[in-house]
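# Examining the three-dimensional arrangement
What follows is the residue order along each chain.
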Amino acid sequence: MNASSDADHFVVFDRVQKSYDGENLVVKDLNLAIGKGEFLTMLGPSGSGKTTCLMMLAGFETATHGEILLDGQPINNIPPHKRGIGMVFQNYALFPHMTIAENLSFPLEVRKIGKSDREQKVQRALDMVEMGSFGGRRPAQLSGGQQQRVALARALVFEPELVLMDEPLGALDKQLREKMQFEITNLAHNLGITTVYVTHDQTEALTMSDRVAVFDDGRIQQLAAPDTLYESPENSFVAQFIGENNTLMGTVESIENDLAVVKLDDGELIDTLPVNVTKVGDRTLVSIRPERVEYDPSRLQPGAHTVKAEVLEFIYMGDIYRTRLRVAGNDDFFIKTRNAPDQRRLQPGEQIEIGWRAKDCRALDA
Amino acid sequence: MTDAAAQTEAKSGPVLAADGRPLKASLRRALRAQKMRALLLIAPLLLFIMITFILPIADMLFRSVENQIVSETLPRTVVALEDWEDHDQPPSEDVYAALYYDLFEAAEFRIHSRVGSRLNYEMTGVSSLFRQSGRGVGRFDTDIYTDQFAELDADWADPRVWATLMEDESVRAALPETASAYDGWVNVTIEANEDDPLEEDVEDYVYTALYRDLAARGYDGSSAMLSEAAEAVGAFETVSLREQFAEIDEDWLDPAVFETIWVYSPNYTAGYFLTAVDLQLTADGIEPQSEDLRVYLTLFKRTMFMSLVIMGSCVLLGYPIAFLLANLPMRISNILLILVLLPFWTSLLVRTSAWKVLLQQQGVINDILVWIGLVADNDRLALINNQTGTIIAMTHILLPFMILPLYSVMQTIPPSYVRAAKSLGATDWTAFWRVYFPQSVPGIGAGCILVFILAIGYYITPELVGGRTGTFISNRIAYHISTSLNWGLAAALGSILLILVLALYWAYDRIVGIDNVKLG
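On a predicted model such as this, the values are computed, not experimentally measured, just so you know.

### So, the confidence of the model for chain A
Averaged over all residues, the pLDDT of chain A equals 89, while 98% of them reach at least 70. Below pLDDT 50 for its whole length, residues 1-5 of chain A participates in seven contacts with residues either more than four positions away or in separate chains.

### Description of the packing of helix 2 (residues 100-110) of chain A against helix 4 (residues 144-156) of chain A
All names here are of chain A. Across the interface, helix 2 lies against helix 4 with an axial gap of 8 Å and an inter-helix angle of 25°. With respect to each other, helix 2 and helix 4 are oriented roughly parallel. Crossing handedness for the pair helix 2 and helix 4: right-handed. Where helix 2 approaches helix 4, its residues I100, N103, L104 and P107 are matched on the opposing element by V150, A153 and R154. Split by residue class, the contact of helix 2 with helix 4 holds five nonpolar, one polar and one charged.

### A closer look at helix 8 (residues 143-152) of chain B
Since the α-helix advances by 3.6 residues per turn, residues separated by three or four positions end up pointing in the same direction. All names here are of chain B. Of all the positions in helix 8, only Y145, T146 and F149 are classed as buried. Seen along its axis, helix 8 keeps its buried residues to an arc of 100°; they face one direction. The inward-facing, buried residues of helix 8 contact helix 12 (204-217) and helix 13 (224-232).

### Details of the interface of chain A and chain B
The extent of an interface is frequently quoted as the accessible surface area lost upon association of the parts. Every contact between the two is made by 18 residues of chain A and, on the other side, 15 residues of chain B. Broken down by element, the residue count for the side of chain A that touches chain B peaks at three residues, all from helix 2 of chain A. Residue classes in the side of chain A that touches chain B are distributed as 13 nonpolar, three polar and two charged.

### Here's the deal with the nonpolar core
By size, the foremost hydrophobic cluster in this structure holds 101 residues, and its most contacted members are L57, A153, L164 and V214 of chain A. Sorting elements by how many residues they give to this core places helix 4 of chain A first, with six residues. Sequence-distant contacts of L57 of chain A, that is, excluding residues within four places in its chain, are made with V11, I68, L164 and V196 of chain A. Ranked by size, the runner-up nonpolar core spans 55 residues in total, among them V78, V126, Y145 and V206 of chain B.

### What about the sheet that holds strand 6 (residues 85-88) of chain A?
Residues and elements named next belong to chain A. Taken together, six strands build an open sheet; the order of strands is 6-7-8-3-9-10 and the sheet is mixed. At either end of the open sheet lies a strand with only one pairing partner, and these are strand 6 and strand 10 (219-224). In this sheet, neighbouring strand axes are inclined to one another by 20° on average, regardless of whether the strands run parallel or antiparallel. Pairing geometry for strand 3 (residues 39-43) and strand 8 (residues 194-199), over five bridges, is parallel. Note that in strand 8 the partner of L40 across the bridge is V196. Strand contacts of helix 4: strand 6 and strand 7 (162-166), with the helix running at about 170° to strand 6, the strand carrying the most contacts.

Parameters at a glance
- Residues numbered from 1 in each chain as written.
- Chains lettered and ligands numbered in written order.
- Predicted model: local features only at pLDDT ≥ 70, side-chain atom pairs only at ≥ 80, totals over all residues.
- pLDDT = per-residue confidence, 0-100.
- Contact = placed C-beta atoms within 7 Å.
- Axes fitted to C-alpha atoms, helices over the stretch in contact; angles between N-to-C directions.
- Helix = DSSP H or I, 4+ residues; strand = E, 2+ residues; numbered from the N terminus.
- Parallel < 35°, antiparallel > 145°, perpendicular 65-115°, else oblique.
- Left-handed = near helix turned anticlockwise from the far one by under 90°.
- Nonpolar A, V, L, I, M, F, W, Y, C, P; charged D, E, K, R; others polar.
- Buried ≥ 20, exposed ≤ 12 C-beta atoms within 10 Å, placed from the backbone.
- Arc of directions from axis to C-beta.
- Core = buried A, V, L, I, M, F, W, Y, C linked by C-beta atoms within 7 Å.
- Pairing = 2+ DSSP bridges.

Structure below.
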């Protein structure tokens, strides 16, 4: 177990289980190692167990079984205030009866840090989030974005090595959220702190993280870098949860090396990459991203299978066109094309042939 | 361009609506219907409260300064006393004469004992003095005047002659005392005795007034009958009214009685309020109440002190419960909340009586203490009929009023604050004291105000379990309302209580800020 103190094992969940009622497991056998300085996001729908994991790490919930290690030390029996973990809450949890400076000073006071030192650190932390001149205000006098920055500064002011963030941007509007995403990642990387970030917003997860752990049903469904997660989902849950996705049901017709031919339910054949299928006759859910579908005959690979499609709807979205097709009886098959000068707009009712590169179309578990 | 022009125009004058009328007027018109409907909806309650609550209370408070009874019952005496100079000596015969007329009429109307009771609040013994004298004035020896006038001229015995005489304005002006006495007698005859003043014999006191007028001023008018009488009165046999009064009771020679009447003759008096703060109004001004009568300041202090103690023990007992209620799962906290509310569904009287059973010397609590050996059997604790009893019972009764506002405020404090504090390194205690507690202060404030104001005016419980040392000012007020019938003093005590509460409320607003009080 001593090996776990190395840089790749700064935080370790070792076979952690959690149950609230003694009947259902909210977290089932969680194994996860987070490296020092890593930005890891726990992504998943509500009730998937991601927040429970965060709360166990912070010490507000105890693991029913298993062990959580921080820098090689088991922390199951250490109370939250001794763990030295910074935390940013969903509603910021800034103390309303204290000024911003007092809020930031609080963690330093309870650590018995001298007054001058404290003021210096508070000012530095506020400057870091560009809130240097707001020390005398009360939280209620700040906007949501400003409160968010203060909450971040407060979680960082006592220089923790690990910071937990529980959907910290959930209450902000889209523009502010994107700006803060950028700032948080920058800050985390510049300070070299390890960050565990919980969100249900996949865009946030993809843009901010070094690695994303996709949670569902109390388990990690896939733990990977954002690009891998998007382009190579390992199962149908991840494929559907991350990004937009077209699905078709079918049966494996033939399988060899990296190519599986799948017979769709209406009899058409398509080329896919076998991911979770192993043998001929397996039922499979085929997944393909809308932007990877080609309909221009000149861009289709020679010899690849194509599928007939009928254009149902053309949606103009500015930078892209979104077109709804009927493919193999599925009326919700979308394709996305860039709004380029030479791009043709498909007309509803048009009959077209669509195709794709076999490795963009993943045959997953049904 | 036109839009911009219209805007500059609008800025220069009042903003106009589309039809050219001022926008403010249009808005008022549009909202008037709403306001009327709102007013109509509250009108029944407003009327009900006004008629059954606000007006009676205003009337009650008015009684704390109202004092018309003396000047209305003894109008002539009050006027005559204005000329009384040496307050160490009994007043002049004029005052006794005025008192004679006043008392005679008051006795006919049977209201002489009322003014006696009123003055008895200020000077013990006046009540019985007035009651005796009301009977006594009818038996004064003043009938000698009547007889002498009748001897002089038999017409003096004829009520019709009197009536004719008194219609003459010049006669009335020449005989002011007689006119006043005659008018009073007419009034008494009609109103109190329901007789005809033209048929009834004129009372002795009117003859007395006539004698006094003629003896003092003479008569030089046109009435022959009066001129004759004016000449004759010098030889009349006389009777001293002062001695007549002294015969009824020697106390009438005591200047203090007249001083009391004189001090309390104005229509409005601060006397009740002064009494309520252990002072008294005398001819020489405001003086401290004599020592054996000083009770009210002690009672006020005790009421305040005990209310504070009750409020404090409610905070100490209620805070943990409210905290528990706010932090338990909804299902369990609802059951606990019912337990908190249970006392509300039991009669106050029953609860207080239950405390009597528990707390008395042979009661359950003492029995248990004796049984476990904490207290010797012959040295049982006095837990009831004293301050301890009142504090225990009232803390129990008022506790829900502390728990409920605390609970509803605590419910609004998100658990994430305490979690945040802990994640920032605070121990459980620090997180509670620095983060949770300050946010629950509005609830404490609301609970304290509620409990304190309820406690300060509480009546039943201190009455039942307070004994002699554990009663409140409200018990004294109730005593004056229902037993001593000194409503003026009761009203003054009540007003002071009201002012105290308002002052405390004001102080609380200045120190803590009433915005910080939350009931939910």
